[in-house]
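Residues per chain, in single letters:
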Amino acid sequence: MAPLVPLLRKRNLQLVELAADNFEPTTYKGLLIKDSYWRWPQRELAGNTIDFFVQVLGLSFHQAMREITAS
């Protein structure tokens, strides 16, 4: 259960803070992040931190795990 916001800030992604502790990356309009979960209703995608790194950022599972556990 790795929180997404610190990991994305480490990658220098700009995040806009929204109501109820939600965040939206400026480069991925409509994508909502909260804690270790995200959803992108317009694309019918959702998941956890690993899913974000794989499905949104395009990393392999092994790359994603290395980056998540390095923090």
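Residues numbered from 1 in each chain as written. Predicted model: local features only at pLDDT ≥ 70, side-chain atom pairs only at ≥ 80, totals over all residues. Heavy atoms only, no water.

Draft legend 1. Seen up close, the packing of aromatic side chains. In the structure shown here, the tally under the stated rule is four aromatic pairs. Aromatic side chains Trp38 and Phe52 sit 5.8 Å apart centroid to centroid with 80 degrees between the ring planes, which places their arrangement in the edge-to-face category. Highlighted residues: Trp38 in strand β4 (residues 37-40) and Phe52 in helix α2 (residues 49-56), separated in sequence by 14 residues. For Phe52, a relative accessible area of 0% gives the class buried. Pairing Phe52 with Phe53 gives two aromatic rings, centres 6.3 Å apart and planes at 70 degrees, and the pair type is edge-to-face. The class of Phe53 is buried, set by a relative accessible area of 0%. Members of the aromatic cluster, each reached through a chain of ring pairs, are Tyr28, Trp38, Trp40, Phe52 and Phe53. One Lys or Arg, Arg43, reaches over the ring of Trp40 and ends 4.2 Å from the middle of that ring. (Phe/Tyr/Trp six-rings, centres within 6.5 Å; stacked < 30°, edge-to-face > 60°. Helix = DSSP H or I, 4+ residues; strand = E, 2+ residues; numbered from the N terminus. Buried < 20%, exposed > 50% of the residue type's maximum accessible area, 1.4 Å probe, protein only. Lys NZ or Arg CZ within 6 Å of the ring centre and 35° of its normal.)

Draft legend 2. Structural context of the nonpolar core. Formed by 19 residues in total, the largest nonpolar core has its most connected members in Leu8, Leu31, Ile33, Trp38, Phe52 and Phe53. Of all the secondary structure elements, the ones that give two or more residues to this core are α1 (4-10), β4, α2 and α3 (61-69). Looking at which element gives the most residues to this core, the answer is α1, with four residues. With residues up to four places along the chain from it excluded, the contact list for Leu8 reads Leu13, Leu15, Ile33, Phe52 and Leu57. (Core = buried A, V, L, I, M, F, W, Y, C linked by side-chain atoms within 4.5 Å. Contact = heavy atoms within 4.5 Å.)

Draft legend 3. Expanded view of the side chain of Ser36. Residue placement: Ser36 occurs in the loop between β3 (32-34) and β4. In terms of polar contacts, Ser36 uses its side chain to reach the backbone carbonyl oxygen of Ala2, at 3.1 Å. Discounting chain neighbours no more than four positions away, the residues touching Ser36 are Met1, Ala2, Pro3, Leu4, Gly47, Asn48 and Thr49. (Polar contact = N/O pair within 3.5 Å; in protein donor to acceptor, adjacent residues only side chain to side chain.)

Draft legend 4. Structural view of the packing of α2 against α3. As a packed pair, α2 and α3 sit with axes 9 Å apart at the nearest point and diverge in direction by 130 degrees. Taken together, α2 and α3 sit at an angle that is classed as oblique. Viewed along their axes, α2 and α3 form a crossing whose handedness is right-handed. On the side of α2, the interface is formed by Thr49, Ile50, Phe53 and Val54, while α3 contributes Phe61, Ala64, Met65, Glu67 and Ile68. Split by residue class, the contact of α2 with α3 holds seven nonpolar, one polar and one charged. (Axes fitted to C-alpha atoms, helices over the stretch in contact; angles between N-to-C directions. Parallel < 35°, antiparallel > 145°, perpendicular 65-115°, else oblique. Left-handed = near helix turned anticlockwise from the far one by under 90°. Nonpolar A, V, L, I, M, F, W, Y, C, P; charged D, E, K, R; others polar.)

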